[in-house]
Amino acid sequence: MKNLRIIIVDTDDLTRKAIHTHLSGFAGVEIIGEAKDTVTGHRMIRQNRPDVVLVEVGGLDDSGMKLAAEVHREMPQVAVFVTSSHKNPDLILKAMSSGAREFLLRPIEIHVLTQAIEKVLKDPSRAGGGVRRGRVLTFFSNKGGVGTTTLATNTAAGLVMEGASAVGLVDMDLQLGNVASFLNLTPTYTVFDLASQLDKVNASTVESFLTKHATGISVLAEPRTPAEAEAITPSQAASALDLLRSAYEYVVVDTPKGFDERTLDILDLSDEIFVVSELSLPALRNLKKCLDVFRDLQYSKTRVRVLINRHDPRGGIRLADIEQNLRFDAFWSFPNDFFRIMNGINTGSPVVASSEESEIARSIRQFCRKVAGREAEAVAAGEGAPRGGYLKRLFGKRQED
Ligand SMILES: Nc1ncnc2c1ncn2[C@@H]1O[C@H](COP(=O)(O)OP(=O)(O)OP(=O)(O)O)[C@@H](O)[C@H]1O
Ligand SMILES: [Mg+2]
């Protein structure tokens with residue numbers, strides 16, 4: 001059985017150290033991250049999906065309690081233990097009703113913590129690896145029109161053609177999404193319907209919100225109206241993806257251009273981020289900004305993959321020069337084939353399936369093989385995350401270059 005992975009969110013250095021020291025002695029238990037504040041802790045939890053979170057509550061503000069509730073709502077399979085110096089019955093009730101599995105009084109007694117951890121270790125739902133955890137592959141660009149939706153759609157279809165058992169394609173370009181129209185689908189339900197019923201849906205029922213396409217992919221379409229799109233909170237979008245990852249082997253996500261709070265949260269929880277660009281000056285300028293932001297956010301290089309779309313070696317800009325200049329290695333380059341891609345969009349059948357023998361389709365298939373063949377690389381435990389709200393995360397001082 002896999003190790004029990006734990007994250008500690010606690011303002012007190014000594015408490016974190018004491019918990020760490022005690023739990024390090026446990027066989028089958030691994031502390032994968034520690035955070036001093038709840039914003040960093042939340043990002044760490046989203047990125048690493050631990051089995052147990054220990055969070056301090058009842059301090060100067062109620063951010064710990066809010067974190068406990070949000071983690072429980074977004075990732076119900078995570079066991080949340082709250083720790084507090086206050087024995088106040090209201091606080092205990094509040095913690096339990098926000099989904100905490102244990103309330104541990106501080107200073108935490110070793111035998112109480114041991115019992116709580118042993119309970120999770122013995123939980124029968126952990127046998128056989130616990131809940132399925134599909135990979136979230138997010139396609140993103142901070143420049144419009146470079147082929148993000150085309151590549152997301154074709155990758156989803158290509159992964160099915162390469163033998164993936166279940167692939168979900170989610171349109172998180174909530175205002176202007178066009179995945180359903182690229183695939184000529186008339187969806188019954190949308191992201192909005194799922195987001196507004198998250199408390200009633202589980203891994204076995206979530207599939208009913210998606211619409212099946214002839215290629216075998218299941219599509220969760222963009223909301224019907226801008227008002228519905230606006231109503232979806234970042235936390236609901238993240239929870240919806242987490243739920244989908246328990247039902248699908250791959251969850252391929254199309255995103256709007258640019259960094260809004262919802263998109264940042266989606267990027268945070270993605271296993272891999274495919275940044276799409278072209279070899280044109282405006283696109284490359286934006287790519288540079290985008291890679292700078294990801295460096296600021298301390299995303300590891302193994303998660304951020306640059307895709308060059310519409311690559312034509314005759315274009316005048318040499319990919320090798322750009323790679324050296326912007327300090328990245330392109331993960332894949334897709335050839336330019338406007339006619340076949342447009343034809344695929346107009347017939348609702350992605351080029352990877354509709355023109356299987358073409359160079360562009362073969363390139364997409366090879367890319368999918370590379371994506372599918374890679375072992376999921378665990379995001380480095382405790383990968384330090386910048387603090388503060390999303391604007392601060394974006395515009396705060398760069399910490400490394
Ligand atoms: N490899 C390619 N070769 C030729 N044309 C392409 C290629 N990839 C995408 N296109 C074309 O580029 C246009 C934009 O594609 P797409 O809508 O996928 O981009 P996008 O980045 O999602 O745009 P938006 O900002 O509107 O979301 C489409 O007309 C599509 O046919
Ligand atoms: Mg798009």
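Residues numbered from 1 in each chain as written. Chains lettered and ligands numbered in written order. Predicted model: local features only at pLDDT ≥ 70, side-chain atom pairs only at ≥ 80, totals over all residues.

Break down the overall build of the protein chain for me, with residues and values.
Along the backbone of the protein chain there are 17 helices and 13 strands. Taken over the C-alpha atoms alone, the protein chain extends approximately 70 × 45 × 40 Å along its principal axes. Here the protein chain holds 401 residues, and the buried ones make up 44% of them. Look at the contacts in the protein chain between residues 6 or more apart in sequence, and 75% of them connect residues 24 or more apart. (Helix = DSSP H or I, 4+ residues; strand = E, 2+ residues; numbered from the N terminus. Buried ≥ 20, exposed ≤ 12 C-beta atoms within 10 Å, placed from the backbone. Contact = placed C-beta atoms within 7 Å.)

Can you tell me about the site of ligand 1, naming the residues and giving the values?
Inspection of the region around ligand 1 gives 20 residues, with G144, G147, T148, T149 and T150 positioned closest. Among the elements that take part in the shell around ligand 1, helix α14 (residues 338-347) stands out by supplying four residues, more than any other. Looking at the shell around ligand 1, its residues break down into seven nonpolar, nine polar and four charged. (Near = placed C-beta within 6 Å. Nonpolar A, V, L, I, M, F, W, Y, C, P; charged D, E, K, R; others polar.)

How would you summarise the nonpolar core if you had to cite specific residues and measurements?
Ranked by internal contacts, the top residues of the largest apolar core, which has 76 residues, are V167, V191, L241, V253 and V275. Top contributing element to this core by residue count: helix α6 (residues 148-161), with seven residues. In contact with V167, not counting residues within four places along its chain, are A156, L159, V160, I217, Y248, E249, Y250 and V252. Counting 31 residues, the second largest nonpolar core, distinct from the first, contains I31, V57, A68 and A79. (Core = buried A, V, L, I, M, F, W, Y, C linked by C-beta atoms within 7 Å.)

Quick rundown of the sheet that holds strand β1 (residues 4-9)? Include the residues and the values.
With parallel pairing, five strands are arranged side by side in an open sheet as β2-β1-β3-β4-β5. In this open sheet, the two edge strands, each paired with only one partner strand, are β2 (29-35) and β5 (102-105). Taking each pair of neighbouring strands and ignoring which way they run, the sheet shows an average axis angle of 20 degrees. As paired strands, strand β3 (residues 52-56) and strand β4 (residues 79-84) are joined by five bridges and run parallel to one another. Across the sheet, V53 pairs through a bridge with V80, a residue of β4. (Pairing = 2+ DSSP bridges. Axes fitted to C-alpha atoms, helices over the stretch in contact; angles between N-to-C directions.)

So what about the domain arrangement of the protein chain? Which residues, and what values?
How large an interface is tends to be reported as the accessible area lost when its parts come together. As far as domains go, the protein chain holds domain 1 (4-130) and domain 2 (135-373). Here domain 1 and domain 2 have C-alpha centroids that lie 33 Å from each other. The interface of domain 1 with domain 2 comprises seven residues on the first partner and six residues on the second. Elements with a contribution of two residues or more to the side of domain 1 that touches domain 2: α2 (38-48) and α3 (63-74). Class assignment of the residues belonging to the side of domain 1 that touches domain 2 gives a composition of one nonpolar, one polar and five charged. (Domains from an automatic or database assignment.)

Would you mind going over the packing of helix α10 (residues 234-245) against helix α11 (residues 261-269) in detail, with residue names and values included?
Interaxial distance between α10 and α11 falls to 8 Å at its minimum, and their mutual angle equals 30 degrees. As the angle between them shows, α10 and α11 are arranged roughly parallel. Considering how the two elements wind past one another, α10 and α11 form a crossing that is right-handed. The segment α10 lies against α11, with P234, A237, A238, L241 and D242 engaging E261, R262, D265, I266 and L269. (Parallel < 35°, antiparallel > 145°, perpendicular 65-115°, else oblique. Left-handed = near helix turned anticlockwise from the far one by under 90°.)

Explain the sheet that holds strand β12 (residues 304-311) residue by residue, including any values.
Judged by pairing direction, the sheet is mixed, and its eight strands sit side by side in the order β8-β9-β7-β10-β6-β11-β12-β13 without closing on themselves. Either end of the sheet is taken by a strand with one partner, and the two such strands are β8 (211-212) and β13 (330-335). Note: β8 against strand β9 (residues 218-220), two bridges, orientation antiparallel. Residue pairing across strands places K212 opposite S218, the latter belonging to β9. Relative to strand β6 (residues 135-140), α11 is tilted by about 135 degrees, and along the sheet it contacts β6, β10 (250-254) and β11 (272-277). Those strands touched by helix α12 (residues 281-296) are β11 and β12, and its axis lies near 160 degrees from that of β11.

Can you explain the pairing of β1? Please cite residues and give values.
Buried residues dominate β1, accounting for five of its six residues. Regarding topology, helix α1 (residues 13-24) serves as the crossover connection from β1 to the parallel β2, and that connection is right-handed. Two elements, β1 and β3, share four bridges in a ladder whose sense is parallel. By the bridge assignment, I8 is partnered in β3 with L54. (Right-handed = clockwise from strand over helix to strand, strands pointing away.)

Any chance you could break down the environment of A231 for me, citing the residues and the numbers?
Inspection of the secondary structure puts A231 in helix α9 (residues 226-231). With 14 C-beta atoms counted inside 10 Å, the residue A231 sits in the partly exposed group.

Which residues make up the pairing of β10, and what values do they have?
With five of its five residues buried, β10 lies for the most part within the structure. Going residue by residue along β10, you find Y250, V252 and D254 tucked away on one face and V251 and V253 tucked away on the opposite face as well. Here five bridges tie β6 to β10, and the two strands are oriented parallel to one another. Counterpart to L137 in the pairing with β10 is V252. Relative to β10, strand β7 (residues 167-171) runs parallel, the two sharing five bridges. Note on β10: the bridge partner recorded for V167 is Y250.

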